[in-house]
Amino acid sequence: MIYHDDCMNGMQKQGDSSIGLIVTDPTYGISFNLNEWDVDVPSLDVWREAYRVLKMGRYALIMSSARQDVLALMCKRIEDAGFTLSTSPMLWVYKSGFTKSTNISKVIDQRNGCSRVVIGKKKSGIGSGNTYAFGSDNKGGSDLVDISLPCSEDGIRLDGCYAGFQPKSTLEVIIVAFKGDIEPPTQYQEKQSQNISNTFVFIPKPSTSEKLTSEYGEKHPTMKPIDLMSYLINMYYVDGVVMDPFMGSGTTALACIKRDIKYIGFEREKTYYEYCMKRIEHFSKTLYRGNQQ
Ligand SMILES: C[S@@+](CC[C@H](N)C(=O)[O-])C[C@H]1O[C@@H](n2cnc3c(N)ncnc32)[C@H](O)[C@@H]1O
């Protein structure tokens, strides 16, 4: 069941220790694409409620930006709420995105109003001199860009200098939070003992068919892939209801539907809530595969 409600309100209506697993992708507080709902990481009170409703000995899998300031604050609040964070996180690697930086010489030449002489063409992307990549399998774009010579005095002096050079993340962190002191055996540990590497989860970002783009357009800016939420549920689910307090477009619910697991979630924004319900209606029949693991 998904409610159009603030998660704090929603969770307050749930009983103590009534939830078997929390899988969620909350706000990161980085104003992603200038979205108003992304102004802060969830408060300590939100995590206290999440802790209260979770069964003892169970997990909350909480996604976070890999940005160090966001991750530190997120972990601090989750831990202060009572969760144990004494394990490593998992890393969702989506392998897209690359770093861009500004060619200072070009900017200065433009400012000085001189025209650079084009002496040839090259492929854009990695190794083109315009772009550097981290952890990406992007082998460069197919577009051709100009190779040009600097024309102003400062442009010549600063040729080869780049600014704004920052690693652009190609991953997000999944914080593994535990309620209790002694970890019970879970599917996660069983699967670890089968030597399945699960620190890095390599799953691409959702496709347009998963987003239903042709039907509804780009409706949710931070949608996660269904396979990612399914993976987390397959690893950590024991029994009971799965809760996602920040449901967005309903991806956690879709992963639950796949395995016929009961879910509860909250989404505060009306447009996202309505879109979430449409996605669930659209995918319910095709995704459902009974209670298989
Ligand atoms: C990062 S998105 C979740 C995206 C989701 N995992 C998906 O695949 O679509 C976070 C969502 O939480 C919602 N939200 C933010 N604060 C909330 C709150 N206090 N209660 C309920 N929903 C909230 C936002 O509207 C946004 O849709």
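About the thresholds
Residues numbered from 1 in each chain as written. Predicted model: local features only at pLDDT ≥ 70, side-chain atom pairs only at ≥ 80, totals over all residues. Helix = DSSP H or I, 4+ residues; strand = E, 2+ residues; numbered from the N terminus. Buried ≥ 20, exposed ≤ 12 C-beta atoms within 10 Å, placed from the backbone. Contact = placed C-beta atoms within 7 Å. Near = placed C-beta within 6 Å. Nonpolar A, V, L, I, M, F, W, Y, C, P; charged D, E, K, R; others polar. Core = buried A, V, L, I, M, F, W, Y, C linked by C-beta atoms within 7 Å. Pairing = 2+ DSSP bridges. Axes fitted to C-alpha atoms, helices over the stretch in contact; angles between N-to-C directions. Arc of directions from axis to C-beta.

1. Focus on the overall build of the protein chain
1) Next: Of regular secondary structure, the protein chain possesses eleven helices and 14 strands.
2) Next: Scored against the burial criterion, the 293 residues of the protein chain give a buried share of 32%.
3) Next: In the protein chain, the share of contacts with a sequence separation of at least 24, taken over all contacts with a separation of at least 6, comes to 77%.

2. Some details on the site of the ligand
1) Next: If you check the shell around the ligand, you find 19 residues, and the closest are D25, F246, G248, S249 and T251.
2) Next: Class assignment of the residues belonging to the shell around the ligand gives a composition of seven nonpolar, six polar and six charged.

3. Comments concerning the nonpolar core
Nonpolar side chains in soluble globular proteins generally cluster together in the buried interior.
1) Next: Residues L61 and I233 are the most contacted members of the largest nonpolar core, which totals 56 residues.
2) Next: The element that contributes the greatest number of residues to this core is helix α9 (residues 226-236), accounting for seven residues.
3) Next: If we skip the residues at most four places from it in the chain, L61 touches I22, V23, I174, V176, L232 and Y236.

4. Focus: the sheet that holds strand β3 (residues 59-65)
1) Next: The eight strands lie next to each other as β1-β14-β13-β2-β3-β11-β4-β12, forming an open sheet whose pairing is mixed. In the strand order of this sheet, the two ends are held by β1 (2-4) and β12 (200-202), each with one partner. In this sheet, adjacent strand axes meet at a mean angle of 20° when their direction is disregarded.
2) Next: Across the face of the sheet, α9 comes into contact with β2 (19-24), β3, β4 (90-93), β11 (171-178), β12 and β13 (241-244) while running at roughly 150° to β2.
3) Next: Here helix α11 (residues 270-287) sits on the sheet and contacts β1 and β14 (263-267); the angle it forms with β1, its principal contact strand, is near 155°.

5. Considerations on helix α2 (residues 44-53)
1) Next: Three or more residues of α2 are buried, namely V46, W47, E49, A50 and V53. Seen along its axis, α2 keeps its buried residues to an arc of 155°; they face one direction.
2) Next: Among the structural elements, α1 (7-12), β2, β3, α3 (68-80) and β13 are those in contact with the buried residues of α2.

6. A short note on the pairing of β4
1) Next: Every second residue of β4 is oriented toward a common face, the buried set being M90 and W92 and the non-buried set L91 and V93.
2) Next: The sheet contact formed by β4 and β11 spans four bridges and is antiparallel. By the bridge assignment, W92 is partnered in β11 with E172.
3) Next: Here β4 runs beside β12; their pairing, made up of three bridges, is parallel. The partner of L91 across the bridge, within β12, is F200.

Nothing here speaks to function; it is all geometry.
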